[in-house]
Amino acid sequence: MHDYRGEGGPPAVQAQDFNVNKSLEGATVRLPGFIVPLEAARSGDVNEFLLVPYFGSCIHVPPPPPNQIVYVHTGKRAGIESIYDAYWITGKLHLQTKTTRLGATAYELSAEKIEVYKY
């Protein structure tokens, strides 16, 4: 519960929907979304993050259900310009659940390319 008194209530609860599109297993995809780093180097580079459908997901509000979040990992740290920008992430998608401190995911992506989403 988050109100004018601050964050004194219990944490927001994530809806647990793990229904996935099975035809996406092993597909090479290009997905748009916002990056929520799971850990970052001092330089701001990341090698694992959540890709979420809208800005502010997983921060102070219930995260989207697991089937709308993708756990992304890279072979090496990747530089991102800003967590406030949307990105295109290209790579191989797998149906794989993962639970992180910021929420559960129903998909995993091995990122091959990360690029800023141009409006």
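Predicted, not measured: the structure shown is a model, and the values here were computed from it.

What follows deals with the overall build of the protein. Helix and strand counts for the protein come out as zero helices and five strands. When the helices and strands of the protein are placed in sequence order, the string is β-β-β-β-β. Here the protein holds 119 residues, and the buried ones make up 36% of them. Of the contacts made within the protein by residues no fewer than 6 positions apart, 63% connect residues no fewer than 24 positions apart. In the form shown here, the protein has an accessible surface area of approximately 7,200 Å², with 53% of it arising from carbon and sulfur atoms.

Attention now moves to the sheet that holds strand β1 (residues 28-37). Spatial ordering of the closed barrel is given by β1-β2-β3-β5-β4, a layout of five strands whose pairing is mixed. Each adjacent strand pair in this sheet contributes to an overall mean axis angle of 50 degrees, direction not counted. Of the pairings in the sheet, the one linking β1 to strand β2 (residues 46-52) comprises four bridges and is antiparallel in character. Residue Phe34 lies in a different strand from β2, and its bridge partner there is Val52.

Rules and cut-offs
- Residues numbered from 1 in each chain as written.
- Predicted model: local features only at pLDDT ≥ 70, side-chain atom pairs only at ≥ 80, totals over all residues.
- Heavy atoms only, no water.
- Helix = DSSP H or I, 4+ residues; strand = E, 2+ residues; numbered from the N terminus.
- Buried < 20%, exposed > 50% of the residue type's maximum accessible area, 1.4 Å probe, protein only.
- Contact = heavy atoms within 4.5 Å.
- Areas by Shrake-Rupley, 256 points an atom, 1.4 Å probe, with all protein chains shown as cover.
- Pairing = 2+ DSSP bridges.
- Axes fitted to C-alpha atoms, helices over the stretch in contact; angles between N-to-C directions.

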